[in-house]
Amino acid sequence: MRGISIEGLSKVFRKGKSELVAIEGFNLTVPEGEFVCLLGPSGCGKTTVLRIVAGLEDKTDGTIQVNGRKVKGPGPDRGMVFQEFALFPWRSARRNVEFGLEIKGVPAERRHAVSSKLLELVGLKGFEDSHPKQLSGGMKQRVAIARALANAPSVLLMDEPFGALDAQTRNLMQKELLRIWTETKKTIVFVTHSVDEAVYLADRIVVMTARPGTVKKDIPVTLPRPRDRTSREFIAIRGEVLAELEAEFEKARATELEKGSVK
Amino acid sequence: MAVEQELKKWFAANWQKVALSLLSISVFIAGWHLFSEYLRATSPSLYEYIPPPAQVLDALIRSFTVLDPTSNLYMTDHIWASLKRIVLGFLLAVGLALPIGLLMGSLKGAEAAGKPIVEMFRPIPPLAWIPIFLVIFGIVWGPVAIVFLGIFFPVLLNVIFGVKTVDPVLVDAARTLGAKRGHIFTKVVLPFTVPYFMTGVKVGLGVGWMCIVAAEMLGGVGGGVGFYIFSKATTSQYDLMFAGMIVIGLLSTLTTGLAGVFEDRLYRWMGMR
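Small disclaimer: the values here were computed from a predicted structure and weren't measured.

A.B. asks: Talk me through the pattern of salt bridges; I want residue IDs and the actual numbers.
C.D. replies: All names here are of chain A. For the coordinates displayed, the defined rule picks out 31 salt bridges over all chains. Here E32 and R2 are joined by a salt bridge, their closest N and O atoms 3.2 Å apart. Taken together, the residues E32 in the loop between β2 (18-30) and β3 (35-39) and R2 in the segment before β1 (4-15) connect sequence positions 30 residues apart. The exposure class assigned to R2 is partly exposed, which follows from its relative accessible area of 47%. The shortest N-O distance in the salt bridge between R179 and E176 comes to 2.9 Å. A residue pair is termed a helical-turn pair when its members lie 3 or 4 positions apart in one helix, as R179 and E176 do in helix α6 (residues 167-184) at three residues. On the basis of relative accessible area, R179 is assigned to the partly exposed category, the value being 28%. Overall, the relative accessible area of 17% leaves E176 in the buried class.

Put into structure tokens, the structure is as follows:
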């Protein structure tokens, strides 16, 4: 099957004798080309799910398949974009994008062609030789998206990618991401804690429960794009998602108070 | 023309800093002069040890223009001799500290094995090694070994620290882009460690010059500024001794400054400045 399939995923963090069940019985199927947002209270394990799919973290139990192949460690079929941008400060925008290709041993001319095309796709034509220091937050994240696309992955995993940006840049980047998604037809799993962002972007919103994280509700968003944040339908879905989420916020708070440990 | 304009621009932006440095140096020299004059008036026996700045400046000029009868050398020869020791000690120290530091920073086993030895030898002042080094390395290489010790540890510790503080998000990003351990080392860890290494180099150069007097107490084959200071102190020529001390201070400032310029160029080239 093309796309992502996660079955019975669980993750237990062990530190000495104490155990923390972060994720339990998590199931999710994302068909190819779909844009899914993972939403949940902080500490529910949404980032952990993403890191496990990326192969950066080991799972405790369950099966994860991407395009029918079991995930064993990171692979070029899955690109990842981080909240912290994670650009190499000593590399220009172009050489950041070419990083994955260099490792694959792609010859310089071909690398150059790919990085030119991708930087143009993300709207950074003319900034190829700029270094991360010279770029704004939004531009840095554009480079990071281009870099993740360079290995031609079928899946793009995005971990709160716009969380560090100001509100205006954030809205702009959301529009840009939808444009890039339409042009590249990637499968996207996008972790966020912003309900507004999820409703604006996603084909489907997966709301997670408080720890141990599992799927609480799967909400399809069928509104046509571009979406109007002020439309009645948009607000109605926002309300629905928010209601689901708030119940989990309460639960998360209650367990924290019970344990007497507010992080 | 362009250079002149650049200088003008630089001066316009930095004149306050320049003025303040000149002021602080002037205040220091004035204080020194007053203290020396005070000693001349109150206790001539102590005055001998603290000659006034004008006399030291005169001694400094003499050290360059008049042949030193004890060593049969000019100050430029002494500078050249010390510089050679510093450069040799520096190259040996960096050549060893860099690979060892990279290894100890990257591999837990190497760190566990190396740490007790490093921690045991690091606090021993280079001075303490003089008698042993004289026996082991002899009069030519002994001083170089002392300088080596002074530079080795700052470079080693900074490189280890640099490797261990590599941003884990950068490593994650590299892994998702297909990097294996070898790639992560050469394409992430190495460039990340460069600024830490340069800090070690700058600190090490300063310590190296601090060690040169001790190192050349072993004997100054072919002279040396440390040897010069030491020999002038033992023959009570304190104005010349101070002249030697000023030369060491200037040389240390010069080498650290050069390292700073190199560092700046390096960061510019890497795009990090």
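A.B. asks: Please give an account of a nonpolar patch on the surface that cites residues and values.
C.D. replies: All names here are of chain B. Taken together, the side chains of L88, L92, I132, L134, V135, I136, F137, I139, V140, W141 and V221 present a nonpolar region at the surface, about 1,000 Å² in accessible area. Among the elements of the structure, α4 (75-106) and α6 (130-164) are those that each provide at least two residues to the nonpolar patch. Looking at the nonpolar patch, the element that brings in the most residues is α6, giving eight residues. Among the structural elements, W141 can be located in helix α6. You can call W141 partly exposed: its relative accessible area is 45%.

A.B. asks: Which residues make up the sheet that holds strand β6 (residues 78-81) of chain A, and what values go with them?
C.D. replies: Residue and element names in this part refer to chain A. Ordered in space as β6-β7-β8-β3-β9-β10, the six strands form an open sheet in which the pairing is mixed. Edge positions in the open sheet fall to β6 and β10 (215-220), since each of these has one partner strand only. Adjacent strand axes in the sheet meet at a mean angle of 20°, parallel and antiparallel pairs treated alike. One ladder, built from five bridges, connects β3 with strand β8 (residues 187-192); its direction is parallel. Of the residues in β8, the one forming a bridge with F35 is I188. Packed on one face of the sheet, helix α5 (residues 137-149) meets β6 and β7 (155-159) and runs near 170° to β6. On top of the sheet, α6 reaches β3, β7 and β8; it is set at about 160° to β8, its chief contact.

A.B. asks: Can you lay out the layout of surface pockets for me, pointing to particular residues and giving the numbers?
C.D. replies: Residues and elements named next belong to chain B. By volume, the second largest pocket amounts to about 440 Å³. Broken down by secondary-structure element, the contributors of at least two residues to the lining of the second largest pocket are α1 (2-42), α3 (53-65) and α10 (238-270). Residue composition of the lining of the second largest pocket, grouped by class: 13 nonpolar, no polar and no charged. Split by domain, the lining of the second largest pocket shows at least three residues from each of two domains, domain 1 (1-50) and domain 2 (65-269).

A.B. asks: I'd like a rundown of the domain arrangement of chain B, residues and numbers included.
C.D. replies: What the domain assignment reports for chain B is domain 1 (1-50) and domain 2 (65-269). For domain 1 of chain B and domain 2 of chain B, the distance between their C-alpha centroids amounts to 29 Å.

A.B. asks: Outline the interface of chain A and chain B, supporting the account with residue identities and numerical values.
C.D. replies: Facing the 24 residues of chain A at the interface are 18 residues of chain B. Each partner contributes to the roughly 1,900 Å² buried at the junction of chain A and chain B, and carbon and sulfur atoms together form 67% of this total. It is A:W90, A:F99 and A:I103 in chain A that bury the most area against chain B; as a group they hold 34% of the surface buried on that side. On inspection of chain A and its partner chain B, the count reaches two salt bridges. One salt bridge connects B:K187 with A:E102, and the closest N-O pair in it is separated by 2.7 Å.

A.B. asks: Provide a residue-level description of unusual backbone geometry, including the pertinent values.
C.D. replies: For residues that are not glycine, phi is negative in most cases, and the peptide bond is trans in most cases. All names here are of chain A. Looking along the chain, the bond that leaves R211 and enters P212 is cis, with omega of -5°. Within the secondary structure, P212 is located in the loop between β9 (204-208) and β10. Backbone torsion omega between R225 and P226 reads -5°, so that peptide bond is classified as cis. On the secondary structure map, P226 appears in the loop between β10 and α8 (232-259). Look at N67: it is not a glycine, yet its phi comes out positive at around 50°. Following the sequence through the fold, N67 ends up in the loop between β4 (61-66) and β5 (69-70).

A.B. asks: Tell me what's going on with the packing of aromatic side chains, and back it up with residues and numbers.
C.D. replies: Taken as a whole and assessed by the stated rule, the structure comprises 15 aromatic pairs over all chains. With centroids separated by 5.2 Å and ring planes inclined at 80°, the aromatic side chains of B:F133 and B:F137 adopt a geometry described as edge-to-face. Taken as a pair, B:F133 and B:F137 lie in helix α6 at a separation of four residues, close to a single helical turn. Judged by relative accessible area, which is 40%, B:F137 ranks as partly exposed. With 5.3 Å between their ring centres and 25° between their planes, B:F148 and B:F152 make a pair best called stacked. Of the two residues, B:F148 and B:F152 both sit in helix α6, four residues apart, roughly one turn of that helix. Both residues of the pair, B:F148 and B:F152, count as buried. Through successive ring pairs, a cluster of aromatic residues spans A:F35, A:F162, A:W181 and A:F190. The side chain of A:R229 reaches across the aromatic face of A:Y200, ending 4.0 Å from its centre.

Cut-offs applied
Residues numbered from 1 in each chain as written. Chains lettered and ligands numbered in written order. Predicted model: local features only at pLDDT ≥ 70, side-chain atom pairs only at ≥ 80, totals over all residues. Heavy atoms only, no water. Salt bridge = Lys/Arg side-chain N within 4 Å of Asp/Glu carboxyl O. Helix = DSSP H or I, 4+ residues; strand = E, 2+ residues; numbered from the N terminus. Buried < 20%, exposed > 50% of the residue type's maximum accessible area, 1.4 Å probe, protein only. Patch = residues over 30% accessible without salt bridge, like charges linked within 9 Å, V, L, I, M, F, W, Y side chains within 5 Å. Areas by Shrake-Rupley, 256 points an atom, 1.4 Å probe, with all protein chains shown as cover. Pairing = 2+ DSSP bridges. Axes fitted to C-alpha atoms, helices over the stretch in contact; angles between N-to-C directions. Contact = heavy atoms within 4.5 Å. 1 Å grid on protein atoms, 1.4 Å probe; cavity = no way out; pocket = protein on both sides within 12 Å on 5 of 7 lines; lining within 4 Å. Points joined across faces, edges and corners; volume = space filled by probe spheres on them. Nonpolar A, V, L, I, M, F, W, Y, C, P; charged D, E, K, R; others polar. Domains from an automatic or database assignment. Buried area = accessible area lost by both parts, 1.4 Å probe. Phe/Tyr/Trp six-rings, centres within 6.5 Å; stacked < 30°, edge-to-face > 60°. Lys NZ or Arg CZ within 6 Å of the ring centre and 35° of its normal.

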